[in-house]
Amino acid sequence: MRDFEYEAPTALADAVELLAGANGSAKLLAGGTDLIDHVRTGRLEPDLLIDIKKLAELNVLEASDSGLRLGAAVPCYQIYGNEQITSNYSALADSCQIIGGVQIQSRASVGGNLCNSGPAADSTPSLIALGAVCVIAGPNGTREVAAEDFCTAPRQNVLEAGELLVELKFPAPGGKSGSHYRRFIPRNEMDIAVVGVGAAVTLDDSGENFVSARIALGAVGPTPIFAQAAGDALAGQPANDDSIAAAAAAAREVATPIDDMRGTVEFRNHATAVLTERVLKTAIARARGEADGYTIGH
Amino acid sequence: MAKKRVVSTTINGNQTEFLCEPRQTLLEVLRDTLNLTGAKEGCSNGNCGACTVLVDGRPVDSCLVLAVEIEGADLETIEGVACSEALHPVQQCYLENAALQCGICTPGFIMSTKALLDENSSPSEDDIRFYLAGNLCRCTGYDKIVRAVQDSAELMASNGIDGVQIDR
Ligand SMILES: Cc1cc2nc3c(=O)[nH]c(=O)nc-3n(C[C@H](O)[C@H](O)[C@H](O)COP(=O)(O)OP(=O)(O)OC[C@H]3O[C@@H](n4cnc5c(N)ncnc54)[C@H](O)[C@@H]3O)c2cc1C
Ligand code: FES
Ligand code: FES
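Before going into details, it helps to say that this report is about the structure given with it. (Residues numbered from 1 in each chain as written. Chains lettered and ligands numbered in written order. Predicted model: local features only at pLDDT ≥ 70, side-chain atom pairs only at ≥ 80, totals over all residues. Heavy atoms only, no water.)

### Side note on the overall build of chain B
Operational definition: In DSSP terms, a helix is any run of H or I states spanning at least four residues, a strand is any run of E spanning at least two, and both are numbered starting from the N terminus. Throughout, the radius of gyration refers to the C-alpha atoms, and the reference size of a globule is 2.2 Å times the residue count to the power 0.38. Throughout, a contact is declared for two residues whenever any of their heavy atoms are within 4.5 Å. In these tables, accessible area is a Shrake-Rupley quantity obtained with a 1.4 Å probe, and a residue counts as shielded only by the protein chains included in the view. Positive charges are assigned to Lys and Arg, negative charges to Asp and Glu, while His and the chain termini are left out of the count. By convention, charge coordinates are those of NZ in Lys, CZ in Arg, CG in Asp, or CD in Glu.
Counting secondary structure elements, chain B contains 5 helices and 7 strands. N-terminal to C-terminal, the α/β element order of chain B is β-β-α-β-β-β-β-α-α-α-α-β. Computed over the C-alpha atoms, the radius of gyration of chain B is 16 Å, within 12% of the 15 Å expected from 2.2 N^0.38 for a compact globule of 168 residues. The dimensions of chain B, computed from C-alpha atoms along their principal axes, are 50 × 30 × 30 Å. Long-range pairs, those at least 24 residues apart, make up 58% of the contacts in chain B with a sequence separation of at least 6. Total accessible area on chain B stands at roughly 7,700 Å², and carbon and sulfur atoms take up 46% of it. Averaged over its 13 positive side-chain charges, chain B has a centre that lies 8 Å from the centre of its 24 negative ones.

### Considerations on the interface of chain A and chain B
This is how it is decided: A simple way to read buried area is as the amount of 1.4 Å-probe accessible surface that goes missing from two parts once joined, with both sides added. Basic side-chain nitrogens of Lys or Arg form a salt bridge, by our definition, when they fall within 4 Å of a carboxyl oxygen of Asp or Glu. As used in this structure description, the phrase polar contact means that two N or O atoms lie within 3.5 Å; if the pair is within protein, one of them must be able to donate a hydrogen and the other to accept it, and residues adjacent in sequence are counted only when both atoms belong to side chains.
Each side of the interface is counted separately: chain A has 33 residues, and chain B has 33 residues. Summed over both partners, the interface of chain A with chain B comes to about 2,600 Å²; 58% of that surface belongs to carbon and sulfur atoms. For the chain A face of the interface with chain B, the top three residues by lost area are Tyr6(A), Val102(A) and Gln103(A), together amounting to 25%. On inspection of chain A and its partner chain B, the count reaches 3 salt bridges. The closest approach of N and O atoms between Lys53(A) and Glu69(B), which form a salt bridge, is 2.6 Å. At the junction of chain A and chain B, the tally comes to 12 residue pairs in polar contact (both at pLDDT 80 or more).

### With respect to helix α10 (residues 241–254) of chain A
Residues and elements named next belong to chain A. Just so we agree on the cut-off: In a helix, the anticipated span is given by 1.5 Å times the number of residues less one. Residue exposure (1.4 Å probe, protein chains only): buried if accessible area is under 20% of the type maximum, exposed if over 50%, otherwise partly exposed. The directions from the helix axis to the C-beta atoms are what the arc is built from.
Relative to the 20 Å expected for 14 residues at 1.5 Å per residue, α10 spans 20 Å between its end C-alpha atoms, a close match to the ideal helical length. Those residues of α10 that sit buried are Ser243, Ile244, Ala247, Ala248 and Ala251. Across the axial projection of α10, the buried residues extend over an arc of 140°, all falling on one side. Exposed positions of α10 whose direction lies more than 90 degrees from the buried face are Asp241, Asp242 and Glu253. Considering only its buried residues, α10 is in contact with β13 (210–218), α9 (228–232) and α11 (265–288). One side-chain oxygen at the N-terminal end of α10 lies 3.1 Å from the backbone nitrogen of Asp242; it belongs to Asn240.

### Re the environment of Gln228(A)
All names here are of chain A. Position of Gln228 among the secondary structure elements: in helix α9. Given a relative accessible area of 43%, Gln228 falls into the partly exposed group. For the pair Gln228 and Asn113, spaced 115 residues apart in sequence, the C-alpha to C-alpha distance is 22 Å.

### Section: the sheet that holds strand β6 (residues 133–138) of chain A
All names here are of chain A. For clarity, the threshold we go by: At least two bridges found by DSSP between two strands is the condition for calling them paired. Each axis is a line fitted through C-alpha atoms, and for a helix only the stretch in contact is used; angles between axes span 0 to 180 degrees, taken between their N-to-C directions.
If you walk across this open sheet you meet the 5 strands as β4-β5-β10-β6-β7, and the pairing is antiparallel. A single partner strand is all that each edge strand has here, and the edge strands are β4 (61–64) and β7 (141–146). On average, each strand axis in the sheet is inclined to that of its neighbour by 20°, with strand direction left out of account. This element, helix α1 (residues 12–21), spans β6 and β10 (164–170) of the sheet and lies at about 135° to β10.

### Considerations on the site of ligand 1
Selection criterion: In this text, near means that some heavy atom of the residue lies within 4 Å of the molecule or strand in question. Residue polarity follows a fixed list, in which Ala, Val, Leu, Ile, Met, Phe, Trp, Tyr, Cys and Pro are nonpolar, Asp, Glu, Lys and Arg are charged, and the others, Gly among them, are polar.
Lining the immediate environment of ligand 1, one finds 34 residues, of which Leu28(A), Thr33(A), Asp34(A), Ser109(A) and Asp122(A) sit closest. Residues lining ligand 1 come from chains A and B. In the environment of ligand 1, an oxygen atom lies 2.6 Å from a nitrogen or oxygen atom belonging to the backbone of Leu28(A). At 2.6 Å, a side-chain N or O of Ser109(A) approaches an oxygen atom of ligand 1. For ligand 1, whose unbound accessible area comes to 990 Å², protein coverage reaches 91%. Elements supplying a minimum of two residues to the shell around ligand 1: β2 (26–29), α7 (110–116) and β10 of chain A. Per-class residue counts for the shell around ligand 1 are 17 nonpolar, 11 polar and 6 charged.

### Quick look at the sheet that holds strand β1 (residues 5–7) of chain A
Residue and element names in this part refer to chain A. Taken together, the 3 strands give an open sheet; going across it, the order is β1-β3-β2, and neighbouring strands pair in parallel fashion. Of all the strands in the sheet, just β1 and β2 have a single pairing partner and so form its edges. Taking the axes of each pair of neighbouring strands and ignoring which way they run, one obtains an average angle of 25° across the sheet. Pairing between β1 and strand β3 (residues 48–51): 3 bridges, direction parallel. Counted as the bridge partner of Tyr6 is Leu49 from β3.

### Focus: the pairing of β6(A)
Residue and element names in this part refer to chain A. Within β6, 5 of the 6 residues are buried, which leaves it mostly tucked inside the rest of the structure. Here 6 bridges tie β6 to β7, and the two strands are oriented antiparallel to one another. Bridging across to β7, Val135 finds its partner in Glu144. Hairpin connection from β6 to β7: 2 residues lie between these consecutive antiparallel strands. The sheet contact formed by β6 and β10 spans 5 bridges and is antiparallel. The residue bridging Ile136 from the neighbouring strand is Leu165, located in β10.

Okay, structure coming up:
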């Protein structure tokens, strides 16, 4: 592998200083499950790796009445191992349980998944559906960007030189809420999404009508896509087959997939609608506290 | 060239120090510096699991970990699984179920199986297949491996992790 230096700062300010001072020749190392392979194969040529796993701010995992704070470097296994997340932010747990196998999940972070900014990243649709806000630190202080605005093109995002992602902040789900993420892959596990859909819904007290819904799509565009209109149109509608079918059709409208070895445009468009229906149904079942019929890997 | 670092860890219960360059993976250092060649290199990119070791009890692909990252960690490799005279129940069950052919994947499978059974002492077949999805085997067929894990769970439920005496 290419020769590089390694630093593992323990203060956020030091990490920002190192990163800003390296003039683009440094890369941040979280779980390394994308980065180390990219360096080994020469796709990236850093002179310095800055290990961010020793920064307290990036290891926060705190669920309270005011919402969830998730440090950017927290590995997947800690996320789906957290009962508050599995019950109140289920889509996020669903995503983390299917990123790679257990060895990958021991290391891979949601921050790394988002910052790698692949169109098929499995946690990003869940972040968007759950309304996550990205907290970014840099030489000029801190700023916040909505998860749906973070990725700008394949492998590109809003981070400027010297900036790093510190944490993701999620609003507390209100009332009867539920969420879900699933993807289509030709195997049962360990594959890249052909299509992925995340959705979060809030129902009224009767559990019969939508108060609000957010839907996001993966692997059907240059970045993960926030299907905002599809979700917004559900507000005030009864939660039934007709409204769900309409949302699925609207989600399919905003998908802009390409043909590649994993799937055709036609297949991906179709699968976007099918998965949107299934994901909404599971999210609704979870909001109502009913059995959701979801088996991981199936 | 980047300066070599001294890394202190515990490997299979022994306090160990080694020198490495930042660019060396844990797998490289285990095999080439520490002569612990049980962890195998299959793909070098996190897909095959042949290099699986446990870091602080968690299974990781050692090809995707930098050796400098394990400073202060507790490491378990296949070399530490058996006692001198006894196989670990998981090893015994892989043997008895013929859950290996060429054996390249086996150290990784055994480390993942150990981690699985530490987390979940009576996994379902689905649990086993899902947990072992990050370990690939080119020759045995996964059914025998699944049966070996099921038998390991049973043996450990009745015998604990007491080793099985090797018949010499
Ligand atoms: C075998 C295998 C299977 C995989 N399966 C899946 C899968 O099913 N689904 C999926 O979505 N992905 C998958 N991946 C890809 C990868 O595991 C994920 O993208 C993972 O979440 C990356 O997280 P990480 O912590 O390892 O990131 P790293 O590799 O450490 O970092 C990724 C990138 O983000 C940057 N970065 C990391 N943290 C920050 C931060 N806080 N601020 C700014 N930049 C940062 C790094 O510099 C790097 O460029 C797989 C990878 C492998 C090797
Ligand atoms: S060699 Fe590490 S996963 Fe294949
Ligand atoms: S026994 Fe040969 S790869 Fe598994």
